[in-house]
Amino acid sequence: MTQDEMKKAVGWAALEYVPRNSVIGVGTGSTVNHFIDALASIKDEIKAAVSSSEASSERLKAIGIPVISLNEVESLSVYVDGADEVNSQMEMIKGGGAALTREKIVAAVADKFVCIADASKQVEVMGQFPLPVEVIPMAREYVARELKKLGGTPIHRDGTITDNGNHILDVHELKITDAKGLESRINSIVGVVTNGLFAHRAANTLLLATKDGVKKIEA
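The structure reproduced in this document is the subject of the present report. (Residues numbered from 1 in each chain as written. Predicted model: local features only at pLDDT ≥ 70, side-chain atom pairs only at ≥ 80, totals over all residues. Heavy atoms only, no water.)

1. Side note on the packing of helix α1 (residues 3-13) against helix α2 (residues 30-39)
So, point 1. The geometry of α1 relative to α2 is characterised by a closest axis approach of 8 Å and an angle of 50° between their N-to-C directions. Taken together, α1 and α2 sit at an angle that is classed as oblique. Viewed along their axes, α1 and α2 form a crossing whose handedness is right-handed. Only S30, T31, H34, F35, D37 and A38 of α2 make contact with α1, whose side of the interface consists of D4, K7, K8, V10, G11 and W12.
So, point 2. Considered class by class, the residues forming the contact of α1 with α2 number 4 nonpolar, 4 polar and 4 charged. (Axes fitted to C-alpha atoms, helices over the stretch in contact; angles between N-to-C directions. Helix = DSSP H or I, 4+ residues; strand = E, 2+ residues; numbered from the N terminus. Parallel < 35°, antiparallel > 145°, perpendicular 65-115°, else oblique. Left-handed = near helix turned anticlockwise from the far one by under 90°. Contact = heavy atoms within 4.5 Å. Nonpolar A, V, L, I, M, F, W, Y, C, P; charged D, E, K, R; others polar.)

2. Points about the environment of N21
So, point 1. Among the secondary structure elements, N21 is positioned in the loop between α1 and β1 (23-26).
So, point 2. Considering only alpha carbons, one finds N21 and D44, 23 residues apart in sequence, at a separation of 8.4 Å.
So, point 3. Residues in contact with N21, not counting those within four places in the same chain, are E45 and K47.

3. A closer look at the environment of S120
So, point 1. With respect to the secondary-structure elements, S120 resides in the loop between β6 (113-118) and β7 (131-135).
So, point 2. On a C-alpha basis, the gap between S120 and T210 in space is 8.7 Å, while along the polypeptide they are 90 residues apart.
So, point 3. Side-chain polar atoms of S120 contact the side chain of Q3, separated by 3.4 Å.
So, point 4. At 2.3 Å, the side chain of S120 and the side chain of D118 are in polar contact. (Polar contact = N/O pair within 3.5 Å; in protein donor to acceptor, adjacent residues only side chain to side chain.)

4. Observations concerning the sheet that holds β1
So, point 1. Within the open sheet, the 6 strands sit side by side as β2-β1-β3-β6-β12-β13. Their pairing is mixed. Two strands lie at the open edges of the sheet, namely β2 (48-51) and β13 (213-218), each paired on one side alone. Each strand of the sheet is rotated relative to its neighbour by a mean of 20°, with strand direction disregarded.
So, point 2. Across 5 bridges, β6 lies against strand β12 (residues 205-210) in parallel orientation. Looking across to β12, one finds that I116 is bridged to L207.
So, point 3. Contacts between α1 and the sheet are confined to β6, β12 and β13, with β12 contributing the most and set at about 145° to the helix. (Pairing = 2+ DSSP bridges.)

5. Some thoughts on the environment of M6
So, point 1. Tracing the backbone shows M6 in helix α1.
So, point 2. With relative accessibility at 9%, the residue M6 sits in the buried group.
So, point 3. Sequence separation of M6 and E58 is 52 residues, and the distance between their C-alpha atoms is 24 Å.
So, point 4. Apart from the residues within four sequence positions on either side, M6 is in contact with M1, A209, T210 and K211. (Buried < 20%, exposed > 50% of the residue type's maximum accessible area, 1.4 Å probe, protein only.)

6. Re the pairing of β13
So, point 1. Relative to β13, β12 runs antiparallel, the two sharing 6 bridges. Bridging from a neighbouring strand, T205 pairs with E218 of β13.

Following this line, the structure appears as structure tokens:
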């Protein structure tokens, strides 16, 4: 199987975790796009979706699934999203697509978080994938200096503006052994909106696409 075929397989496997006639959360990215394609097969059984990005919202609307604001619901039955890295505790780095803030908000409201990824995203120690940090534009250089004090090398993702109108710093050269601690410490820097560590809200279920099929891991 090619990497794209594995992403398709895991996207379709996630349908098993979608309660019918409920409001669901939908993430962002190439693997999630396959999940959205799969949702088209049960679109009449989906009450509505809350999306973490404008791109996913447009894709959902195109297949006939209503997209509503998170402010219209108290909870979501499930949130399905990908990851850039995921460890054995099902803590993740997310934000390669610059949607990390909305992804983190939607994940916080969901009863269950199902992470869908191909096997290349599973790691022992996170940090090889640069950690995205969303920052208020005027604070970008200050935040970058503070991130250097934590041992990282922040690089401005030039030309990228988030759906919230902010900038992204990608932090290289980290070896993340205390994901919860680092998540909290970075979020305490003035000017940071949030960072791409999903440790305090890790996944409940990991669907991992391998060449031998989809592997299911429960927290």
